[in-house]
Amino acid sequence: MSDTPHPRRIPDRLDKPLSSAIFSWEALLVVIAVLIFAVNSFASPYFLDPWSLSDLTFNFTEKGLIALAMALLIISGEIDLSVAAIVALASTMMGMAVQSGAGTPVLVAIGVVVGLGCGAFNGLLVTRLGLPSIVVTIGTMSLFRGIAFIILGDQAYKGYPESFAFFGQGYVWWVFSFELALFLVAALIYWFVLHRTSFGRKVFAIGNNPVACQFSGVRVGRIKFILFCLTGLMSGIASVLITSRLGSTRPSIAQGYELEAITMVVLGGVSILGGAGSILGVVLAAFIMGLVTFGLGLLNVPGIVMSIFIGLLLIIVIALPIVWRRLREGRFA
Amino acid sequence: MKNFLKYREIWLLAGIAVLIGLISTRFPGFADPANLRQVFNDTSILMILALGQMVVILTRSIDLSMASNLCFTGMVVAMLNAAHPAIPIPVLIAIALFVGLVLGAINGFLVWRLNIPSIVVTLGTLTIYRGATFVVSGGAWVNADQMSPDFINFQRAAFLGLPVLSWIAIIVIALFFLVMTRTQIGRSIHAIGVNPTASVYAGIDVGRTKFIVFCISGMIGGLAGYLWISRYVIASVEVANGYELNIIAACVIGGISIAGGIGSVGGAVLGALFLGIISNALPVINISPFWQMAISGSAIILAVVLNARGERRQGRIILRKAEAA
């Protein structure tokens, strides 16, 4: 958990957390994705239709966008449980703007700015006051969603302009949705930032040892603040997409997204203790979660039962390398 | 006097007194003993759950699956009662404790034997247990008319002027107080949170102790499952959805450090009472219940900010009295 200095061994490679010498995390995820894909296409004749595959992407793009920024945050040793509440608050603000006749560009700007503002608020509380992020964001989670509840009450905002629908429902090329395109572009940007810049290197370093970083001249507080802002920003963008896709705002919008985004991050091989992980893993995990929920949906499995599979997948995938290593060393349990 | 004021519980108690005072200015009947008894009874389940969560948090772990455990166990007990109304309530409670224990032991085993961080394990079991509730029940609800009168009335029965539910809460609080202050396991739980490495050298089996705390929180989740279902007389998959964060919030307001090692039974109880008073007071003083989330969110943030200084003195808690002497 965040802020808890865990006594732990120095990882052999910064970006490979739980991997044994035999396989890399990403390879394991690819195998799982291919398996689920194969099972799905055998299980349902409707699965391999291009439009149905395109629908599949809507299952994960919004949460995936949040998960990208969340991955950086968790690598740095912090966490943000308030992302779904930020989505709700940003969506509520957009709804209010619609009531006073705002146009599409204003709506998008409001969504993004509210998200960024909420993220900055989290970041200030965590970095300025030195508070544990898991607690701060449990508080702001209630606070942000509470404000949405106060404003909305039990009603819903509707009447979004027609041009606004493009973000959540539009296609950039044939079956290739705008949401998927945005997710892939964002994934590329985050991959570059995390794995190819000094900023990304500092994020890893902070997750491994914040105190040593401070002494080597890394501005730990500022970087963490930026990461909270990024997570808020991505939540704001996700809010624009969800609101546009649903065409309405309710106080319960995006309920439970924070846990799904964190599940994606952890499933993607990011260490919850910080210091290790990769964007490729998170993207693959997002795809896998989309595949699982969509495939089970085609088989008429109720949503709540799908969550069993997601939960099992999370635990099994995390446990697998550990069990494997123990078996090889002949000292299980 | 100065030492006295050091205790966080005193400040919390004062905060609660001020809160009750403020509410009384708007609604004079609130501070009435009969009403306060009602508030205590309404908050009993949250207090019990907060205590279970407290021991987990003290060891630097977290149990996100408590509300799902509550939902699953409650459904199992309610279905048993609907199918076999003859089963006596104490047996049902024992079954609830056992089912909860099994679910908690699964969490504990994964944390202990496989060394998976508890936040990941319980994030997984959170969804699994709730999904399992759907599988067990087939998505059906158990309604009030399917439950036996005994099942519903047991916790409402008055005993020495208090409902049985309140007595259960009092017994659980007393048990936790004894275990945390008078037993070796209570001391080990504190010690692990303060310094896991030193605990190992002191001969404490850290993994096994973590397993035990998850078993405790599981049993508490199971007990709360029966209490919740028989109180709100409906068992469905949606029961206590998202409640895990309320439980953690109660702990946080109660001054239990999420970084482990710091916290007390009194703190957890008072933290839960604080949230309970807010949710009880809003309707009677004519504030829309929609304000509840925002108010408890602000309370959490405020509590964390106020606690921040205390958290920096990590690792001193056990020795605090010795130091003062």
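Residues numbered from 1 in each chain as written. Chains lettered and ligands numbered in written order. Predicted model: local features only at pLDDT ≥ 70, side-chain atom pairs only at ≥ 80, totals over all residues. Heavy atoms only, no water.

1. A word on the packing of aromatic side chains
Applying the stated criterion across every chain, the model contains 17 aromatic pairs over all chains. Ring geometry for Phe60(A) and Phe287(A): centres 4.7 Å apart, planes at 50°, overall tilted. Of this pair, Phe60(A) sits in the loop between helix 2 (50–57) and helix 3 (61–75) while Phe287(A) sits in helix 13 (residues 279–298), and the two are 227 residues apart along the sequence. Looking at Phe287(A), the relative accessible area reads 29%, which means it is partly exposed. Among the aromatic residues, ring-to-ring pairing joins Tyr160(A), Phe164(A), Phe166(A), Phe167(A) and Phe178(A) into one connected group. Its guanidinium or amino end placed over the ring of Tyr257(A), Lys63(A) lies 5.1 Å from that ring's centre, counting from NZ or CZ. The lysine or arginine in question, Arg113(B), covers the ring of Trp112(B), its NZ or CZ lying 4.3 Å from the ring centre. (Phe/Tyr/Trp six-rings, centres within 6.5 Å; stacked < 30°, edge-to-face > 60°. Helix = DSSP H or I, 4+ residues; strand = E, 2+ residues; numbered from the N terminus. Buried < 20%, exposed > 50% of the residue type's maximum accessible area, 1.4 Å probe, protein only. Lys NZ or Arg CZ within 6 Å of the ring centre and 35° of its normal.)

2. What about the pattern of salt bridges?
All names here are of chain A. One pass over the structure, following the stated rule, counts five salt bridges over all chains. Across the pair arginine 245 and glutamate 62 runs a salt bridge, and its minimum N-O distance is 2.7 Å. With arginine 245 in helix 11 (residues 220–246) and glutamate 62 in helix 3, the pair connects residues that are 183 residues apart, well separated along the chain. Assessed through its relative accessible area of 28%, arginine 245 is described here as partly exposed. For arginine 245, the salt bridge goes to glutamate 179, with nearest N and O atoms at 4.0 Å. Highlighted residues: arginine 245 in helix 11 and glutamate 179 in helix 8 (residues 178–196), separated in sequence by 66 residues. Given a relative accessible area of 0%, glutamate 179 falls into the buried group. One connected set of salt bridges, linked through shared partners, spans Glu62, Glu179 and Arg245. (Salt bridge = Lys/Arg side-chain N within 4 Å of Asp/Glu carboxyl O.)

3. Some words on the interface of chain A and chain B
Taken together, the contact between chain A and chain B spans 47 residues of the former and 43 residues of the latter. Buried area between chain A and chain B, both sides added, is near 3,900 Å², and the carbon and sulfur share of it is 84%. Joining chain A to chain B, the criterion identifies zero salt bridges. Here chain A is connected to chain B by two residue pairs in polar contact (both at pLDDT 80 or more). (Contact = heavy atoms within 4.5 Å. Buried area = accessible area lost by both parts, 1.4 Å probe. Polar contact = N/O pair within 3.5 Å; in protein donor to acceptor, adjacent residues only side chain to side chain.)

4. Brief notes about the environment of Ser137(B)
If you trace the backbone, Ser137(B) turns up in helix 6 (residues 118–137). Between the C-alpha atoms of Ser137(B) and Val76(B), which are 61 residues apart in sequence, the distance is 8.2 Å.

5. Notes on a nonpolar patch on the surface
A grouping of Trp51(A), Phe166(A), Tyr171(A), Val172(A), Trp173(A), Trp174(A), Phe176(A) and Leu184(A) is seen on the molecular surface, where their side chains present a nonpolar patch of about 830 Å² in accessible area. Structurally, the position occupied by Trp174(A) is in the loop between strand 1 (171–173) and strand 2 (176–177). (Patch = residues over 30% accessible without salt bridge, like charges linked within 9 Å, V, L, I, M, F, W, Y side chains within 5 Å. Areas by Shrake-Rupley, 256 points an atom, 1.4 Å probe, with all protein chains shown as cover.)

6. A short note on the state of the cysteines
Counted under the stated rule, the structure contains zero disulfides over all chains. Between Cys229(A), a free cysteine, and Cys118(A), which holds the nearest cysteine sulfur, the sulfur-to-sulfur gap is 11 Å. Cys251(B) carries a free sulfur, and the closest cysteine sulfur to it, the one in Cys215(B), is 18 Å from it. (Disulfide = S-S within 2.5 Å.)

7. Here we look at the packing of helix 12 (residues 257–267) of chain A against helix 14 (residues 303–329) of chain A
Helix packing geometry: the angle between the two helix axes and the distance between the axes. All names here are of chain A. Remark: helix 12 packs on helix 14, axes separated minimally by 10 Å, with the N-to-C direction vectors making an angle of 25°. The orientation of helix 12 with respect to helix 14, classified from their angle, is roughly parallel. Here helix 12 and helix 14 pass one another in a crossing that is left-handed. On helix 14, the residues that touch Thr263, Val266 and Leu267 of helix 12 are Ile310, Leu313, Leu314, Val317 and Ile318. (Axes fitted to C-alpha atoms, helices over the stretch in contact; angles between N-to-C directions. Parallel < 35°, antiparallel > 145°, perpendicular 65-115°, else oblique. Left-handed = near helix turned anticlockwise from the far one by under 90°.)

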